[in-house]
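Tertiary structure, described
Residues per chain are reported as follows:
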Amino acid sequence: MKAIPRPQRWDNPFDPDMTEADVDRILSMSPFREMNLDDFPASTPLGGILRNDTRIRRYQNGDIIVREGDYGNSAFFIMSGSVRVVLDGLPTSMLGRLEPKRKGFFRAFAQLWRNHKEPEVRDTTRYVAHSGVRARDDEGRDDRIFLQDVPGVLDAHNTARMEAGAFFGEIAALGRVERTATVFAEGEAELLEIRWQGLRGIRRRDRKLKEHIDALYRKNALITHLRETPMFRHLSEEELTEVANQTVFETYGDFDWYTSYKTMAEESAANRLAKEPIIAEEGHYPNGVILIRSGFARLSQRFGHGHRTISYLGKGQYYGFDEIIHNWRQRSEGETLPVWNERGNQPVPLQYTLRAVGYANVLIVPTPIIEKFVLDPDRENPRIPLALLPPPIVVAESAEEDVQQELTRLEINEDMLELLVENRFINGTATMMINLDRCTRCDDCVRACAVAHDGNSRFIRHGPKVGNYMVANACMHCADPVCMIGCPTGAIHREVHGQVVINDATCIGCSTCANSCPYHNIHMVEIRGKDGNFILDQNTNAPIMKATKCDLCIDQLGGPACQRACPHDALRRVDMQDGLKSLADWINR
Amino acid sequence: MITLASRCRRNIAIIVLAAILGGLVYTIYSLSLRHTSFISGWTLFLIMLALALYNARKKLPFMPWANSSTWLQFHIYAGFFTFVLFLFHVKFRVPNGTLEATLAFLYLGVFGSGIVGLLISRSIPRRLTTRGEEIIFERIPVFQRRLREALEQLVSRALKETRSLPIAELYAKRLLPFFAGPRHFWWHLVQSNRPRYALLNELEAFNRYMTPEEQEIAAQIAALITTKDDLDYHYVHQAVLKYWLFIHIPLTYSLLLFSLLHGVMVYAFIGRI
């Protein structure tokens, strides 16, 4: 038996070279200077957070600090110098993106005989060599991407300057969303990088920082989000600002939805639905367009004594626009009230009920604002491109007919949709679906997974079924990866292409991610040394645990081995974020 | 995404085209008075070798050498193509030499088992989907044991609480063997529920000798019988899906070895023909 010290929080500080002098220096700067140290608990003092969850980084002119599209796990505070935010996006070639490291041909082939016979074998020397691993990120030794022609970029792109004392990247870090813009250093700049666990800790304790971040959100992220929405793309900056000023942002549901999800799963469908907060209700006047900023929302329609799910909305999708357009079209010139005509040409209320599934951050753009900036003044020639105008709503004879229309559009059956929404599988970007009518239960997928992971399968070919389809117990690499919340070391993180992976070297086996995962797709395992014996905590003799899950074979040459190993095309990793198009294509192939 | 029907049509078209081209080459060889057996033999052997490589490919799922499904499609259609080649190679006659007859027998065994494999891999999954719970093959014995234990508890309860002779008799004569392991292999394979209904009818027939308390236990036993029968159904079908390869693969390796021997013999004696 081999014993090692039990891993602890802050065993692996963000930067081991951070000194007390650095912390004192940061504490002398605003807004840290104004923070009340007594607001922080003894277990996580502000100084401790700054010491362990931050690092000071120095950038040269043109160095890219964050890239649009990357997943951010940290925010930045400008200590000195300035940075530029590219508002209209840089070409991918200029971003210097690199593919994640994959095994070479021979290393991949060698898995055939190099895989261990015992399960969950680890090389423990990696656990005590963190400084070596982090050293690659140390100043002057990492592969930093920089813009060669900064003046050219400034000329060709719409950029904004941020000066010392400003924060950026906090929305991406806290919202677990992609970076919305590329930021690069303008001249020499010194930045404090705060990993999201630290930022969360500070925001929770300091009211001013919270207000500051919220205000920044309204100023930065809101405008960006509106700009990304097709219906607002034609607006000028001034108009967009006016729309932003009138936009209401609200959160429905609970950010910690995953904690109650497991108990809710045992309740009846009607009870579960009743607990989903209503964002907009069927039959009500459309007060505005509701844009989903993050999270998910269910669209349902009354049926019998319950509600029938007809679709769901995810990030970037919106609701209420069709009804507003329809009513605007029906309104006679010069009149302010809708005129009721024959069936199909009547002004309509909201056709469906919109509910937060778990939680949903929404933006509500009021109807008058839509009419002013998107539609008016010329009814024949609205400001929005005609291609974006939805067709008039045809009021169905019955709810049944309406639901069938929607399901036909989705090309998916009702039971499947209910299963996906009820169980929140819509959260997945790589949900493992198995067509049981084609699956011969040969377990080639399981074996392939095991071979690609040192003999350990990272999923179970079992899970909820609907019809002839199964959603297997495999990490779905969620759009809202709740497993990442609460990881004390940041071991679980997003990779460049969105895969949620666990860094085994920094995982302390606390089980937070495994307990958070509502889908039971993260498993805690007892690890072994190369000699096959369990590795024990040297103080308690308890086994050392590590979290494990599917990593979509991120280091393998061919991508997910499970999907590639299926001889009968029965298994597919499906992205649920495209409105079920991928799923429908696969099902109806 | 290409539909399964389109893929099927495309592959059939490719195989027909390949057969036509092969026929042309074969005819040209015949007209030039060359030994057509060499070209058909070598082509057949190389394709069979490529087909056998699929098993090796399965052992290397992490290598970027096309998806397993692509390999299987090649395996199926090239397999059909080999049959045409085989017929041309044996010149549509029944081989009469010992080695040739053995080879032909092995080839037909591999081809036939392949066809059977294709048919069962397309039909059995649908059967499994429509009956019983989805269950992993290796876990079936565990569930069987649990069902057996549940039955024993029920029977013990019946004996303790009601001194039920009918249940005891049925347990000893019919239920114990039924719950001892997988049963009614062939009945399940031909999709017959006769043994299940026979057992349930027998249990029901005993109802007339039972008190209401015993009948309640008998109803629970009936539910266990249904569950066990579904479990057997899964066991039988999954076993067939797994074990047919134990015929196909050994025959394949034997065929390749005999083909090699056949080639050696041909080249050894070619000069004397």
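Residues numbered from 1 in each chain as written. Chains lettered and ligands numbered in written order. Predicted model: local features only at pLDDT ≥ 70, side-chain atom pairs only at ≥ 80, totals over all residues.

**As for the overall build of chain B**
To keep it simple, the criterion reads: Each helix is a run of DSSP H or I of at least 4 residues and each strand a run of E of at least 2, with the numbering of both proceeding from the N terminus. The quantity called the radius of gyration is restricted to C-alpha atoms. Its globule counterpart is 2.2 Å times the number of residues to the power 0.38. With C-beta atoms placed from the backbone, a residue counts as buried when 20 or more other C-beta atoms lie within 10 Å of its own, as exposed when 12 or fewer do, and as partly exposed for counts between those limits. Here, residues touch in the contact sense if the C-beta positions derived from the backbone fall within 7 Å of one another.
Along chain B, the regular secondary structure elements total 10 helices and 0 strands. Relative to its length of 273 residues, chain B is extended, with a C-alpha radius of gyration of 27 Å against a globular reference of 19 Å. Each principal axis of the C-alpha distribution contributes one length, and for chain B these read about 90 × 50 × 30 Å. The 273 residues of chain B split such that 22% are buried. Put simply, 80% of the contacts in chain B that link residues at least 6 apart link residues at least 24 apart.

**Notes on the domain arrangement of chain B**
All names here are of chain B. Rules: Domain ranges listed in this record stem from an automatic or a database domain assignment. For this classification, the nonpolar set comprises Ala, Val, Leu, Ile, Met, Phe, Trp, Tyr, Cys and Pro, the charged set comprises Asp, Glu, Lys and Arg, and every other residue, Gly included, is treated as polar.
When the domains of chain B are assigned, the result is domain 1 (4–131 + 245–272) and domain 2 (137–241). Each partner contributes residues to the interface: domain 1 has 6 residues there, and domain 2 has 6 residues. Broken down by class, the residue content of the side of domain 1 that touches domain 2 amounts to 3 nonpolar, 1 polar and 2 charged.

**Points about the sheet that holds strand β16 (residues 469–471) of chain A**
Residues and elements named next belong to chain A. Put simply, the rule reads: Two strands qualify as a pair provided DSSP detects at least 2 bridges between them.
Sheet architecture is open: 4 strands sit in the order β15-β16-β14-β22, paired in antiparallel fashion. In this open sheet, the two edge strands, each paired with only one partner strand, are β15 (465–466) and β22 (571–574). Pairing between strand β14 (residues 431–435) and β16: 3 bridges, direction antiparallel. Directly across from M433, in β16, lies its bridge partner V471.

**As for the interface of chain B and chain A**
On the chain A side, the residues contacting the 23 residues of chain B number 33 residues. Broken down by secondary-structure element, the contributors of at least two residues to the side of chain B that touches chain A are α3 (68–89), α4 (98–130) and α9 (212–243) of chain B. Within the side of chain B that touches chain A, the residues separate by chemical class into 13 nonpolar, 7 polar and 3 charged.

**Looking at the domain arrangement of chain A**
All names here are of chain A. Each assigned domain of chain A is listed with its residue range as follows: domain 1 (241–410) and domain 2 (417–587). Listed by partner, the interface residues are 16 residues for domain 1 and 15 residues for domain 2. For the side of domain 1 that touches domain 2, the secondary structure elements donating two or more residues are α11 (257–264), α12 (269–274), β10 (288–303), β11 (306–313) and β13 (353–366). Looking at the side of domain 1 that touches domain 2 element by element, the count peaks at 4 residues for β10. Of the residues belonging to the side of domain 1 that touches domain 2, the class tally is 7 nonpolar, 5 polar and 4 charged.

**Observations regarding the packing of helix α2 (residues 36–59) of chain B against helix α10 (residues 245–269) of chain B**
Residue and element names in this part refer to chain B. What counts is decided by this rule: Axis definition: a line fitted to C-alpha atoms, over the contacting stretch in the case of helices. Angles run 0 to 180 degrees between N-to-C directions. For this classification, under 35 degrees means roughly parallel, over 145 means roughly antiparallel, 65 to 115 means roughly perpendicular, and everything else is oblique. Handedness of each helix crossing follows the sense of rotation of the near helix against the far helix: counterclockwise by less than a right angle gives left-handed, clockwise gives right-handed.
Where α2 meets α10, the closest approach of the two axes is 11 Å, and the angle between their N-to-C directions is 150°. As the angle between them shows, α2 and α10 are arranged roughly antiparallel. Note on packing geometry: the crossing formed by α2 with α10 is left-handed. Here α2 contributes F45, M48, L49, A52 and N55 to the contact with α10, which in turn contributes I249, T252, L255, L256, S259 and G263. Here the contact of α2 with α10 is composed, by residue class, of 7 nonpolar, 4 polar and no charged.

**Re the environment of A:D38**
All names here are of chain A. Structurally, the position occupied by D38 is in the loop between α1 (20–27) and α2 (46–53). Using a count of 9 C-beta atoms within 10 Å as the deciding quantity, one classes D38 as exposed. Placed 167 residues apart in sequence, D38 and R205 show a C-alpha to C-alpha distance of 9.4 Å.

**Regarding the nonpolar core**
Residues and elements named next belong to chain A. Which entries qualify depends on this criterion: Throughout this description, the term nonpolar core refers to a group of buried Ala, Val, Leu, Ile, Met, Phe, Trp, Tyr and Cys residues whose C-beta atoms join them within 7 Å.
Core analysis: the largest hydrophobic core is formed by 126 residues, its most contacted members being I65 and A297. Ranked by the residues each element gives to this core, the list is headed by β13, at 9 residues. Formed jointly, this core draws a minimum of three residues from each of two domains, domain 1 (241–410) and domain 2 (417–587). Among residues more than four places away in sequence, those in contact with A297 are I279, I292, Y312, L313, L354, R355, A356, V357 and A360.

**Overview of unusual backbone geometry**
Residue and element names in this part refer to chain A. P31 follows S30 through a cis peptide bond whose omega is 10°. The topology assignment puts P31 in the loop between α1 and α2. Of note in the backbone geometry, H520 takes a positive phi value of approximately 60° without being a glycine. The topology assignment puts H520 in the loop between α18 (512–516) and β19 (523–526). Overall, H520 belongs to the exposed group, with 12 C-beta atoms counted inside 10 Å. One non-glycine residue, C553, adopts positive backbone phi at about 50°. Inspection of the secondary structure puts C553 in the loop between β21 (545–548) and α19 (561–565). Since 24 C-beta atoms lie within 10 Å of it, C553 is described here as buried.

**A closer look at the confidence of the model for chain B**
Residue and element names in this part refer to chain B. We apply this condition: You can read pLDDT as the predictor saying how much it trusts each residue, on a scale of 0 to 100.
On average, chain B scores 90 in pLDDT, and the residues at 70 or more come to 99%. Ranking the elements of chain B by mean pLDDT puts helix α1 (residues 4–31) last with 88 and α4 first with 94. Reported confidence for the predicted complex is 0.88 by ipTM and 0.76 by pTM.

**Focus on the environment of B:L44**
Residues and elements named next belong to chain B. Tracing the backbone shows L44 in helix α2. Taking the C-beta count within 10 Å as the criterion, L44 has 22 such neighbours and is therefore assigned buried. In the structure, L44 is positioned 41 residues away from L85 in sequence and 6.3 Å away in space, judged by C-alpha atoms.

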